[in-house]
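What follows is each chain in one-letter form.
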Amino acid sequence: MINGLIIKKRRKELHISQKELAEGITTQGTISALERNSTSPNSDILTKILERLSLSLTDVLVGNEKIDNQKLLAAADKCFMNYDYHTVLTTLKKIKKITDPHQRAHYQFLKTDAKMWVKKDYDDAIFEYNQLLQETNDRNEIYAVLATCELGIVYSLKQDLEKSAFYFKKLPGLMKKLDLDQHIFWSLSLFANLSEFYLNIDHQVGKCQDLLTEALHFAKKITVLSSLIHSIYYLQKLYMPKMANGLRKQLMI
């Protein structure tokens, strides 16, 4: 099977739009479906797409395990976006084996976060978030950055504000190294939680406002509105209702 995520990543690295990639080969819709692992084009089309991206078949060919895991992780993500943490854990139990490092980090983050909000066992969560950080070689991995953010949240819940600040102050530098467009929901969650830290723990209203403005500019350029519907929650929780309402009006949601 073909891993469409590799094709999408390579296309973005080359700064090629879906329309440009499809030109003279197939339709933009086919490229979109391929990147979502929703279709498998015939060999002629696939060969031309890979040639345009300077990829080989072995670069994108994966076994069923990785595709099946990706589908389950995507399903768990949707439950997470609806704050249905019990179903997140139920969905993750269906995953039997993970060999891909990115998927492993994704799985560990979702499992740790869902368990934390279900059981309120913050000490266990701290251990598991730190384990994720130790096992992730790439510190710019989105789930490592999210784990850093969650450590800040956990310590704030434990009223250990010094440790909370230690982790939150790492986030701005880590976020600058992320491709935020690749992770719409998670990126807005980082914006929101860091803004809340500036407002309620660090007491720097100016920094909070600057970050919310940056989050607004980021959200406005996103065209996949279905991904934003859940993300508005993060701006509502910032104790900045006027700015949250302003975002909603500008996005016409």
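> Mind laying out the pattern of salt bridges, listing which residues take part and the relevant values?
Oppositely charged side chains can pair when the atoms bearing their charge come close. Per the counting criterion, the structure on display carries 7 salt bridges. Note that Asp 44 and Lys 48 form a salt bridge whose closest N and O atoms lie 3.6 Å from each other. Here Lys 48 and Asp 44 lie together in helix α4 (residues 43–53), a separation of 4 residues that amounts to about one turn. Taking the relative accessible area as the measure of exposure, Asp 44 reaches 44% and is therefore partly exposed.

> I'd like a rundown of the confidence of the model for the chain, residues and numbers included.
Scored by pLDDT, the chain comes out at a mean of 83, with 84% of its residues at no less than 70. Between the elements of the chain, mean pLDDT differs from a low of 45, seen in helix α16 (residues 241–251), to a high of 97, seen in helix α7 (residues 85–92). This model gives residues 223–253 a pLDDT under 50, and the stretch forms 53 contacts once residues within four places in sequence are excluded.

> Outline the packing of aromatic side chains, supporting the account with residue identities and numerical values.
Per the stated rule, a full pass over the model turns up 12 aromatic pairs. An angle of 15 degrees between the planes, with centres 4.8 Å apart, marks the rings of Phe 168 and Phe 197 as stacked. Of this pair, Phe 168 sits in helix α11 (residues 161–168) while Phe 197 is found in helix α13 (residues 184–200), placing the two residues 29 residues apart along the sequence. By the burial criterion, Phe 168 is buried, and Phe 197 matches it.

Conventions used here
Residues numbered from 1 in each chain as written. Predicted model: local features only at pLDDT ≥ 70, side-chain atom pairs only at ≥ 80, totals over all residues. Heavy atoms only, no water. Salt bridge = Lys/Arg side-chain N within 4 Å of Asp/Glu carboxyl O. Helix = DSSP H or I, 4+ residues; strand = E, 2+ residues; numbered from the N terminus. Buried < 20%, exposed > 50% of the residue type's maximum accessible area, 1.4 Å probe, protein only. pLDDT = per-residue confidence, 0-100. Contact = heavy atoms within 4.5 Å. Phe/Tyr/Trp six-rings, centres within 6.5 Å; stacked < 30°, edge-to-face > 60°.

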